[in-house]
Amino acid sequence: MRHGIASGARQEAFLAELLTRHGARTPDKAAVIHPDGSRDTAGRPGYTAVGYAEFASDVAACAAGLQGQGIGRGTRTALLVTPGADLLTLVFALMHIGAVPVVVDPGMGLGRMLDCIRRVGVQAFIGVPAAQLLRRLRPGAFAGVTTVIRVGAGKGGGLAELTALGGCGPALPPLASEPGDLALIGYTTGSTGPAKPVEITVGMLLGMARGVEAGHFTADMTSTLVTLPLMGVFDLAAGRTVVVPKMNMGRVGSADPTLLTDAIQRFGVNAMFASPALLGPLSAHLTRTGAQVPSLRMIVSGGAPVSPQLMSTLRSVLPDEARVFSTYGSTEALPIALVESREAMAGPADGLGVCVGRPAPGTSVAIIGITDGPVARWASELPVSPGELGEIVVSGQAVSQGYFQSPRADEDHKIQDGDRRWHRTGDVGWIDDRGRIWFCGRKSHRVRTVNGDLHTVRCEGVFNSHPQVKRTALVGFGPHGEQRPVLCVELEPGTDLTRWPLIESELRAAGAGNPVTKTIEDFLPHPALPVDIRHNAKIRRELLAGWAEDRLTGSRRPTAADWALRAVPLLGWAYLAVWPLLPWDHGALTALWWVDAFLSVVVHAGQIPAALRAEYELATGRRPWATAAFTMLFGATWWRRRSRERKDVAA
């Protein structure tokens, strides 16, 4: 394989072995450049560069240290470490000894994250101090853990100690692995259903790296900006310099574009992989400031469809020869397909869906009829006619063959075809006469009306081109086959809300003029559509459906009992306000005042985190400060009942 992936004598070399080779062949080349906590004279973040020889040596020493702590081949190891240079070291060190990292996104929520860890039955735990505290507070999720390693405390933390301990002995070579060996367990986000543990084998990981390499990179691209740790693993296996910017990779939408631009300019970054939620603010910053990034010749976006508007903006701020790719994939299969911006923007897409391109190298894609039940075996009648809508299925080396100890998930998402196994993506799409795949939305998100099914992304494309619309989300409520379709609309920032009636009439006209969307009659403005945590881009339509139903039917309107309950905390605040009039020599009244103060101030403040979670699940788009203010005023009386009803409906 070209460009550093399996280009040596043994073509099936696994990723840890490839890193060792780069350490020997290009010892002085920078492997990782990462923030070191300092500031330069201009106030910019300071960075430290680690060469390939040093990085490979640290990985081998860390691997020996892990082995000395009882972690070895097949040990399922929970990794709760801040994304960055330390995480890259630990992932390679675990692969070095054949251990199995268990990667769970904290953004899925504390309860679901702990449930994922418990279900896998982790045997070792590596975490930062906050994660270690969590382990002590919720020991049930870590019941099978026999090895605990703390990292990130103080300068270098436990990782430095572990590396120093492992470096005392002879160099530990990478443990030989076979393609079918389990390399890691990665959980799906759970944004469109229960999170599932995906088995990623050594061969699949290598197939993913090869697909990314062959589909995107050229030999002259030597450095990348990493905003997703897995991409950093692939880059290091390919021998590129990985630049880790100063940002929170768990909240990519909040990344500071000024710091990203600084890292790109300072280190001459050639390529980057990022979510649309990060690329939007970055492109806006480059447009607004006129900052130049001449070294940046490729951007790869994933995690959610990339709009033509974002592609156009990126093209306008990048060098003319730069390429912008949209990559389509999932935890179970990455990459599935890819498309370059020039082709994606070449033709109209209203009512067609989003063009995600042609299948990635080494990947086969087919379209089968839409069904909600399992499909055990492949049959000739499964594929639909060319150009017809159906469920996207995929097979290839970069496609997971199964879920970890989850036979029900295998039954729902895998189709056996002789020695081959197809993965059902749960996405609806079609393939045009040029072999390009068009994504139309999630199968579980389709709105099932009396007039037939409406597919989210396919319909939303008709409305997203409106100049004052940031994005839209199609949802439905009611029984299947009789659902009421509703288009939720998030306007561009700064749009005057008094213009909504005019905007709504224009959206209605656009919808009525397209056969795909002509049956949509309800349009609702929303302050901020709820999105997934990992990519800050996938819209949580299942949450919006309840919000839309409430707006149109009043299903969550407070009852008389609710208003009566809300009056109680208001009376408490009123009693606090009359403290100057109280006879402070009256013991009972004084004690009551202090109890009231504790309940109104301390208890209400303690309820704010739960209120923020409930507000997110209710998809109201209310600002956090407003949620905190209402919670301080009313306590749980204004959100708890609605939240409980929302969970009952979801169940």
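Before reading further, recall that the structure is shown in the block above.
So, here is what we can say about the structure in this document. (Residues numbered from 1 in each chain as written. Predicted model: local features only at pLDDT ≥ 70, side-chain atom pairs only at ≥ 80, totals over all residues. Heavy atoms only, no water.)

Let's talk about the pairing of strand β4 (residues 100-103)
Okay, step 1: Alignment of strand β3 (residues 76-80) against β4, held across 3 bridges, turns out to be parallel. Bridged to R76 within β4 is V100.
Okay, step 2: In the classification by handedness, the crossover that spans β3, the intervening helix α3 (residues 85-96) and the parallel β4 is right-handed.
Okay, step 3: Bridge analysis of β4 against strand β7 (residues 182-187) gives 2 bridges, and the strand direction is parallel. Within β7, the position partnered with V103 by the bridge is G186. (Pairing = 2+ DSSP bridges. Helix = DSSP H or I, 4+ residues; strand = E, 2+ residues; numbered from the N terminus. Right-handed = clockwise from strand over helix to strand, strands pointing away.)

Considerations on the environment of A510
Okay, step 1: Inspection of the secondary structure puts A510 in helix α15 (residues 500-512).
Okay, step 2: Among the residues examined, A510 registers a relative accessible area of 32% and is labelled partly exposed.
Okay, step 3: Residues in contact with A510, not counting those within four places in the same chain, are V462 and T517. (Buried < 20%, exposed > 50% of the residue type's maximum accessible area, 1.4 Å probe, protein only. Contact = heavy atoms within 4.5 Å.)

Overview of the packing of helix α18 (residues 587-606) against helix α20 (residues 624-634)
Okay, step 1: For the pair α18 and α20, interaxial distance at closest approach is 8 Å and the crossing angle is 140°. If you check the angle between α18 and α20, you find them oblique. Handedness of the crossing formed by α18 with α20: right-handed. Between α18 and α20, the contacting residues are S600, V601, H604 and A605 on the first element and T631, M632, L633 and F634 on the second.
Okay, step 2: When grouped by side-chain class, the residues that make up the contact of α18 with α20 number 5 nonpolar, 3 polar and no charged. (Axes fitted to C-alpha atoms, helices over the stretch in contact; angles between N-to-C directions. Parallel < 35°, antiparallel > 145°, perpendicular 65-115°, else oblique. Left-handed = near helix turned anticlockwise from the far one by under 90°. Nonpolar A, V, L, I, M, F, W, Y, C, P; charged D, E, K, R; others polar.)

Looking at the environment of D522
Okay, step 1: Following the sequence through the fold, D522 ends up in strand β25 (residues 522-525).
Okay, step 2: The class for D522 is buried, based on a relative accessible area of 16%.
Okay, step 3: Spatially, the C-alpha atom of D522 lies 6.2 Å from that of L487, the residues being 35 residues apart in sequence.
Okay, step 4: When sequence neighbours within four positions are dropped, the list of residues in contact with D522 reads R484, P485, V486, L487 and L552.

Some points on the environment of A171
Okay, step 1: For A171, the position within the fold is in the loop between α6 (157-166) and β7.
Okay, step 2: Sequence separation of A171 and A64 is 107 residues, and the distance between their C-alpha atoms is 8.1 Å.

Considering the pairing of strand β23 (residues 469-477)
Side-chain direction in a regular strand flips from residue to residue, so the side chains alternate between the two faces of the sheet.
Okay, step 1: In terms of residue burial, β23 counts as a mostly covered element, since 7 of its 9 residues are buried.
Okay, step 2: One ladder, built from 8 bridges, connects β23 with strand β24 (residues 484-491); its direction is antiparallel. Pairing of V475 across the sheet is with V486, part of β24.
Okay, step 3: Between the end of β23 and the start of β24, which pair antiparallel, lie 6 residues, with G478 showing a positive phi angle near 110°.

What to know about the packing of aromatic side chains
Okay, step 1: One pass over the full model with this rule turns up 9 aromatic pairs.
Okay, step 2: When the ring of W430 is compared with that of W438, the centres are 5.5 Å apart and the planes differ by 15°; the resulting orientation is stacked.
Okay, step 3: Look at F630 and F634: their rings are 6.4 Å apart centre to centre, the planes differ by 15°, and that puts the pair in the stacked class. Within this pair, F630 and its partner F634 are both found in helix α20, separated by 4 residues, close to a single helical turn.
Okay, step 4: Directly above the ring of F217 sits R240, whose terminal nitrogen or CZ lies 3.5 Å from the centroid.
Okay, step 5: In this structure, R566 is placed above the aromatic ring of W563, and the distance from its NZ or CZ to the ring centre is 5.1 Å. (Phe/Tyr/Trp six-rings, centres within 6.5 Å; stacked < 30°, edge-to-face > 60°. Lys NZ or Arg CZ within 6 Å of the ring centre and 35° of its normal.)

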